[in-house]
Amino acid sequence: MRLIFGSLCLLWTLTNTAFAQSCPALSPAQAAHAAALHSFAGLPSEDSILVRRGYVLSYDHTHRVPRWASWHASPAYRAVPDRDVSRWGRFHTDPDITNPVEDDDFDGLFRTADNFARGHIVPYYISGGDRDGDSLGAADAEGDELVDLDDACTVFEIMYMSNIAPQYHYRFNGSGGLWYELETALRDLIDSQDAEFHVIAGTVFGAQDVQFVGPANDQTIGVPDMFFKIVVTDAGPIGFLFTHRRQLIPEACPLEAELVDCIVPISVIENVSGLDFFSSLGPTESGFETIDGLAAWQTVTGTP
């Protein structure tokens, strides 16, 4: 009986991995559409760009985590499959990355003193919807059966390990943490107000003394010193800069801060990350980036 059960588990794993690995490549026209949909006023950089169905990402091969990712968040994408169903909740190796991080490279990290989780840059909660316009979603109503491969690949790609960085779970990524709090606030705005956003998020590392984690014989996954997130709203762009492992600049809020205390000018994030946001705006870029982020957040959330 144990042998049969083990064989079934292995078959289930291989089947789901096969689906993720067999996602059809986007055509040039599809890739151009996705890049335009998920970027706002240009890409922050041109290095190691991966265009996915649900986002655009620049991969940091040195630290083996995303440098940045950009995506469109909409109510239409909130119909996500049940992540508790193994098919949808499983992390996948990215077939387009050389020397990719694998799911089991994080094994045991959650139980360390640092309590590292597999932290999504692009969140799972916007992986749903009928992206290819064929009136079908990724899964059936129960979430058990794969219905549409193309929409399923949107989910699988968000579960690629190339979209993951080590994050403190209890202090940052999980309930009560700032990353969790911001993701929850944006999700609630999408659900309650039919709000749509463009979002850019990523990692920041210091030049020296970087912490690396992973298997004992291959500790090569960098732990970000800081994370950033920029939310483009109707009221303007709102930049957040979070201290994670260490505070590289004083403007980054500490782990125990209030969320509003993490709002910083876009120029601060540009300077510390080396990225250039909204470059396609041309002469209006400077004015757009200097919109008061705190005032914009208060307008969007209806808070004083």
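Provided above is the structure to which this section pertains.
Predicted model only: the values in this text are computed from it and were never measured.

Undergrad: Please clarify how the overall build of the protein should be interpreted in this entry.
TA: Along its length, the protein carries 9 helices and 11 strands. Here the protein has a C-alpha radius of gyration of 19 Å; the compact-globule value for 304 residues is 19 Å, and the two agree. Dimensions of the protein, computed from the C-alpha atoms along their principal axes, are close to 65 × 45 × 35 Å. Here the protein, with 304 residues, has 50% of them falling under the buried criterion. At a minimum sequence separation of 6, the contacts of the protein that also span at least 24 residues come to 67%. Surface exposure of the protein reaches about 13500 Å², of which carbon and sulfur atoms provide 53%. Positive and negative side-chain charges in the protein, numbering 17 and 43 respectively, have mean positions lying 8 Å apart.

Undergrad: Explanation requested: the packing of aromatic side chains in the structure shown.
TA: A ring pair, where both rings are aromatic, is described by two values, the distance of the centres and the angle of the planes. Scanning all chains against the criterion turns up 15 aromatic pairs. Plain terms: the ring middles of phenylalanine 228 and phenylalanine 277 are 5.8 Å apart, the flat faces sit at 65° to each other, and that makes the pair edge-to-face. Of this pair, phenylalanine 228 sits in strand β9 (residues 226–233) while phenylalanine 277 is found in the loop between α7 (266–273) and α8 (285–289), placing the two residues 49 residues apart along the sequence. For the pair shown, phenylalanine 228 and phenylalanine 277 are each scored as buried. Aromatic side chains phenylalanine 277 and phenylalanine 278 sit 6.2 Å apart centroid to centroid with 50° between the ring planes, which places their arrangement in the tilted category. As far as burial versus exposure is concerned, phenylalanine 277 and phenylalanine 278 are alike and both buried. Three or more aromatic residues joined by ring pairs make a cluster, and in this case those are Phe172, Trp179, Phe227, Phe240, Phe242 and Trp297. Positioned over the ring face of tyrosine 124 is arginine 83, at 5.2 Å from the centre of the ring.

Undergrad: Looking at this structure, I do not really get the pattern of salt bridges. What am I missing?
TA: When their charged atoms lie close together, side chains carrying opposite charge are able to pair. Following the criterion strictly, the structure yields 14 salt bridges and no others. In this structure, aspartate 94 and arginine 52 form a salt bridge, with 2.3 Å as the shortest nitrogen-oxygen distance. A residue pair is termed long-range when its members are at least 10 positions apart, and aspartate 94 in the loop between α3 (86–89) and β4 (116–120) and arginine 52 in the loop between β1 (49–51) and β2 (56–60) qualify at 42 residues. Its salt-bridge partner being aspartate 191, residue arginine 78 comes within 2.8 Å of it at the nearest N-O pair. Here the residue arginine 78 occupies a position in the loop between β3 (65–73) and α3, and aspartate 191 occupies one in helix α6 (residues 178–193), the gap between them amounting to 113 residues. The exposure class of aspartate 191 is partly exposed, given its relative accessible area of 42%. Where salt bridges share partners, they join Asp209, Asp225, Arg245 and Arg246 into one cluster.

Undergrad: Any chance you could explain the state of the cysteines here in plain terms?
TA: What we call a disulfide is simply a covalent bond connecting the sulfur atoms of a pair of cysteines. Evaluated as defined, the whole model comprises 2 disulfides. Between the sulfur atoms of cysteine 23 and its disulfide mate cysteine 153 the distance is 2.2 Å. On the sign convention where negative means left-handed, the S-S torsion of about -105° between cysteine 23 and cysteine 153 marks this disulfide as left-handed. Of this pair, cysteine 23 sits in the loop between α1 (2–21) and α2 (28–38) while cysteine 153 sits in helix α4 (residues 149–158), and the two are 130 residues apart along the sequence. On the basis of relative accessible area, cysteine 153 is assigned to the buried category, the value being 0%. What pairs with cysteine 253 in a disulfide is cysteine 262, and their sulfur atoms sit 2.0 Å apart. The disulfide joining cysteine 253 to cysteine 262 has a torsion of about 90° about its S-S bond and is therefore right-handed. For cysteine 253, a relative accessible area of 2% translates into the label buried.

Undergrad: Just checking my understanding: could you explain a negative patch on the surface for this structure?
TA: There is a patch of like negative charges on the surface, built from Asp82, Asp84, Glu142, Asp144 and Glu145. Mapped onto the secondary structure, glutamate 145 falls in the loop between β4 and α4. A residue is classified by how much of its surface remains accessible, and glutamate 145, at 46% relative accessible area, is partly exposed.

Criteria and cut-off values
Residues numbered from 1 in each chain as written. Predicted model: local features only at pLDDT ≥ 70, side-chain atom pairs only at ≥ 80, totals over all residues. Heavy atoms only, no water. Helix = DSSP H or I, 4+ residues; strand = E, 2+ residues; numbered from the N terminus. Rg over C-alpha atoms; globule rule 2.2 N^0.38 Å. Buried < 20%, exposed > 50% of the residue type's maximum accessible area, 1.4 Å probe, protein only. Contact = heavy atoms within 4.5 Å. Areas by Shrake-Rupley, 256 points an atom, 1.4 Å probe, with all protein chains shown as cover. Lys, Arg positive; Asp, Glu negative; His and termini not counted. Charge placed at Lys NZ, Arg CZ, Asp CG, Glu CD. Phe/Tyr/Trp six-rings, centres within 6.5 Å; stacked < 30°, edge-to-face > 60°. Lys NZ or Arg CZ within 6 Å of the ring centre and 35° of its normal. Salt bridge = Lys/Arg side-chain N within 4 Å of Asp/Glu carboxyl O. Disulfide = S-S within 2.5 Å. Patch = residues over 30% accessible without salt bridge, like charges linked within 9 Å, V, L, I, M, F, W, Y side chains within 5 Å.

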